[in-house]
Amino acid sequence: MKIAVLPGDGIGREIVSQALAVLNKLGLPMETAEAPVGGAGYEAAGDPLPEHTLALAKAADAILFGAVGDARYDTLPRAKRPEQAILGLRKALGLFANLRPAQVYAELAGASALRPEVVAGLDMLIVRELTGDIYFGQPRGMRDAGANGREGFDTMHYNEAEIRRIAKVAFDAARKRSKRVCSVDKANVLETSQLWREVVTAEAKNWPDIELSHMYVDNCAMQLVKHPKQFDVIVTGNLFGDILSDEASMLTGSIGMLPSASLNAQGRGLYEPIHGSAPDIAGKGLANPLATILSAAMMLRYSLGQAAAADRIEAAVKAVLRQGLRTADIYTEGTRKVGTEEMGAAVVDRL
Ligand code: IPM
Ligand code: MG
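Keep in mind it's a predicted model, so treat the numbers as computed, not measured.

Quick notes on the rules
Residues numbered from 1 in each chain as written. Chains lettered and ligands numbered in written order. Predicted model: local features only at pLDDT ≥ 70, side-chain atom pairs only at ≥ 80, totals over all residues. Heavy atoms only, no water. Helix = DSSP H or I, 4+ residues; strand = E, 2+ residues; numbered from the N terminus. Rg over C-alpha atoms; globule rule 2.2 N^0.38 Å. Buried < 20%, exposed > 50% of the residue type's maximum accessible area, 1.4 Å probe, protein only. Areas by Shrake-Rupley, 256 points an atom, 1.4 Å probe, with all protein chains shown as cover. Near = heavy atom within 4 Å. Polar contact = N/O pair within 3.5 Å; in protein donor to acceptor, adjacent residues only side chain to side chain. Nonpolar A, V, L, I, M, F, W, Y, C, P; charged D, E, K, R; others polar. Domains from an automatic or database assignment. Salt bridge = Lys/Arg side-chain N within 4 Å of Asp/Glu carboxyl O.

Engineer: Where do I start with the overall build of the protein chain in this structure?
Structural biologist: Per the secondary structure count, the protein chain includes 12 helices and 14 strands. The C-alpha radius of gyration of the protein chain comes to 20 Å, within 12% of the 20 Å expected for a compact globule of 351 residues. In terms of overall dimensions, the protein chain has C-alpha extents of about 55 × 50 × 40 Å along its principal axes. For the protein chain, the residues scored as buried account for 52% of the 351 residues in total. Taken as a whole, the protein chain presents about 15000 Å² of accessible surface, with 51% of it coming from carbon and sulfur.

Engineer: Any chance you could explain the site of ligand 1 here in plain terms?
Structural biologist: All residues in the neighbourhood of ligand 1 are listed as Glu83, Arg90, Arg100, Arg128, Tyr135 and Asp242. Between ligand 1 and the protein, one listed contact pairs an oxygen atom with a side-chain N or O atom of arginine 90 at 2.7 Å. Between ligand 1 and aspartate 242 there is a distance of 2.9 Å, counted from an oxygen atom to a side-chain nitrogen or oxygen. Calculation on ligand 1 without its partners gives an accessible area of 320 Å², and the protein chains cover 76% of this total. Its residues placed into classes, the shell around ligand 1 shows one nonpolar, no polar and five charged.

Engineer: Could you clarify how one ought to interpret unusual backbone geometry in this entry?
Structural biologist: Most peptide bonds take the trans form, and the phi angle of most residues other than glycine is negative. In this structure, the amide linkage connecting glutamine 138 to the following residue, proline 139, adopts the cis form with an omega of 0°. As for its position among the elements, proline 139 is in the loop between strand S5 (123-129) and strand S6 (141-144). Of note, aspartate 133 is a non-glycine position whose phi angle comes to about 75°, a positive value. Here aspartate 133 lies in the loop between S5 and S6. The backbone phi angle of lysine 179 is positive, close to 65°, even though this residue is not glycine. A residue is classified by how much of its surface remains accessible, and lysine 179, at 34% relative accessible area, is partly exposed.

Engineer: Can you help me understand the domain arrangement of the protein chain in this one?
Structural biologist: When the parts of a complex come together, some accessible area is lost, and that lost area is often used as the size of the interface. By domain assignment, the protein chain separates into domain 1 (1-97 + 258-351) and domain 2 (113-252). Taken over C-alpha atoms, the centre of domain 1 sits 24 Å from the centre of domain 2. Our count for the domain 1 to domain 2 interface comes out at zero salt bridges. When the residues that make up the side of domain 1 that touches domain 2 are grouped by side-chain class, the tally is six nonpolar, two polar and three charged.

So this is what it looks like as structure tokens:
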């Protein structure tokens, strides 16, 4: 199994090295090769996604990704900014299906900003389309708008094939869960969403055992904090999914807990925590490595055919939480505050 390791920027390196230690402990036949990406790619090769990095990613069975982004690069032209690396990888590898599970571990229900009884037992999955929408739609740009100064414009765009294939992923995922899909759109305002709703509804006919509902994105944002346990699988577009998955992460206590998988039509994938590079705490040993460790578990399950090993990692994470270990982001009174390394080492110990 060949794994491309792309730590990236900020806390990326610290968290990825803990995930690698966990993977190593499993003793599976695994080959890893590392390459710079994001700001690190720009420093190394003048490009956030250097050619060599992309080639490595393309040749690998799976990609373990840390995070990209640093305010230092905000003034560069867009094509040179760190975020282009992850967007470029998603596009180049056709990683259209982004799975973002949000699970509340019983031990962390008290760490959520919501009351424990609202979130306890929550287990939902956001299926976010990842290679279309306003993120990639053309035309986009900035231009002169005469007396009004400049104007910026982007294009929200989905075709039927793109909508259908992500709907299938969501229905298929729901089949292995509690068989309910909520499709989230803004069909009361947007043409793109009107088409989205029509296509998802039509595809649902092929999945008679799955119950499909629709919700407007603004209402969904509200329902997520009002009664999150009503949701099982949410399927939505790239932009709405970006926003709703950050919101859902807070139900679980911390964005430092949420892993993700980004899969292409062949099931090859990129695995990354949904949080970013957190430059404010980078290098301080404070970051929570669990989202990355759980992303490594998803990698074993979805791309490497090692479901049993994935189960073992997830059980080890639960055990460590039960033991009372907490990084600062999930710390509550009466638990033991630990740093990045100690948390990673505890998971390795458990394994
Ligand atoms: C995410 C991130 C990315 C996105 C950024 C870093 C480009 O927020 O993976 O959710 O917007 O998709
Ligand atoms: Mg995001």
